[in-house]
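# Coordinate analysis (summary)
Residue-level listing of the chains:
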Amino acid sequence: MENLLFYIALSFILVHEMDAVHCKEWRIFPGLKLLDDKLGYIIFTVAHIPLYIFIFWAISYPANSKIVITGLEAFFIVHVFLHILLLRNKKNMFKGWLSWTLIIGAGLFALLDIL
């Protein structure tokens, strides 16, 4: 299957986003952290709909897919380092093995695909 490593990385990041709702990730985002949890949850969750639509739409066109996949994989790798930078944030709830397996899994499979 072409792009298998990318699809594995994408699966990790999508499940990470599910975990991000559980971990209330909006609390560590500039702007969203100012909102109460109810509104932060709604905005954070609903914002993923157009994001997912764009990703699925963009990777479904062969002419664009390689560029989009490479860009997403670069983001998945940078995303690992962003989480490392935010480790000391008091509101960061990504502390468990599952959260870190998802974060690192996305970056690792993206890196493997790029290499």
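Everything numeric here is computed off the predicted structure, so don't read it as measured data. (Residues numbered from 1 in each chain as written. Predicted model: local features only at pLDDT ≥ 70, side-chain atom pairs only at ≥ 80, totals over all residues. Heavy atoms only, no water.)

### What to know about the pattern of salt bridges
Using the criterion set out here, one finds 1 salt bridge in the structure. Here aspartate 37 ties to arginine 27 by a salt bridge, and the two come within 2.3 Å at their closest N and O atoms. Placement of the pair is aspartate 37 in helix H2 (residues 37-59) and arginine 27 in the loop between helix H1 (4-22) and H2, with a sequence separation of 10 residues. Classification of aspartate 37 as partly exposed rests on a relative accessible area of 30%. (Salt bridge = Lys/Arg side-chain N within 4 Å of Asp/Glu carboxyl O. Helix = DSSP H or I, 4+ residues; strand = E, 2+ residues; numbered from the N terminus. Buried < 20%, exposed > 50% of the residue type's maximum accessible area, 1.4 Å probe, protein only.)

### So, unusual backbone geometry
One can expect most non-glycine residues to show negative phi and most peptide bonds to be in trans. Here asparagine 3, not a glycine, exhibits a phi torsion of approximately 65°, which is positive. Within the fold, asparagine 3 resides in the segment before H1. A relative accessible area of 18% means that asparagine 3 is categorised as buried. A positive phi angle, close to 55°, is found at lysine 24, a residue other than glycine. Following the sequence through the fold, lysine 24 ends up in the loop between H1 and H2.

### Side note on the layout of surface pockets
Taken as a whole, the largest pocket encloses approximately 430 Å³ of empty space. Around the largest pocket sit 22 residues that line it, and Glu17, Phe29, His48, Leu51 and Phe75 are the ones nearest its centre. Secondary-structure elements contributing two or more residues to the lining of the largest pocket are H1, H2 and helix H3 (62-85). Sort the elements by how many residues they give to the lining of the largest pocket and H2 lands first, with 8 residues. Tallied by class, the residues present in the lining of the largest pocket amount to 17 nonpolar, 3 polar and 2 charged. (1 Å grid on protein atoms, 1.4 Å probe; cavity = no way out; pocket = protein on both sides within 12 Å on 5 of 7 lines; lining within 4 Å. Points joined across faces, edges and corners; volume = space filled by probe spheres on them. Nonpolar A, V, L, I, M, F, W, Y, C, P; charged D, E, K, R; others polar.)

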